[in-house]
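Inside the fold
For reference, the chains in residue letters:
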Amino acid sequence: MSANRLPWYRRIAEAVRRIFAVSSKRYLCDTCKWDYGNACSRPERPNALTCPDYKKK
Ligand code: SF4
């Protein structure tokens, strides 16, 4: 069964589950190469969930 054939209440439950999965994820900055000193001046630091400049340490 494809996702858009789910009843509406299942789709809402899925959406909530996904939001919680994202919010419980660790912030990207914790593992980012640029998370030291003045290396990064992005406003989302240190709590970036998405970042175009992210680079793994
Ligand atoms: S580049 Fe992005 S992920 Fe890395 S420290 Fe800066 S804001 Fe965080």
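Report follows, based on the coordinates. Here the structure is a predicted model, which means the values were calculated and not measured. (Residues numbered from 1 in each chain as written. Predicted model: local features only at pLDDT ≥ 70, side-chain atom pairs only at ≥ 80, totals over all residues. Heavy atoms only, no water.)

1. Focus on the environment of Thr50
Note that Thr50 resides in the segment after α1 (8-23). The exposure class assigned to Thr50 is exposed, which follows from its relative accessible area of 63%. Linking Thr50 and Leu28, residues 22 residues apart in sequence, is a C-alpha distance of 7.0 Å. Once residues lying within four places of it in the same chain are set aside, the contact partners of Thr50 are Leu28 and Glu44. (Helix = DSSP H or I, 4+ residues; strand = E, 2+ residues; numbered from the N terminus. Buried < 20%, exposed > 50% of the residue type's maximum accessible area, 1.4 Å probe, protein only. Contact = heavy atoms within 4.5 Å.)

2. What about the site of the ligand?
Inspection of the region around the ligand gives Leu28, Cys29, Cys32, Trp34, Asp35, Cys40, Arg42, Arg45, Cys51, Asp53 and Tyr54 as its neighbouring residues. Split into classes, the residues belonging to the shell around the ligand amount to seven nonpolar, no polar and four charged. (Near = heavy atom within 4 Å. Nonpolar A, V, L, I, M, F, W, Y, C, P; charged D, E, K, R; others polar.)

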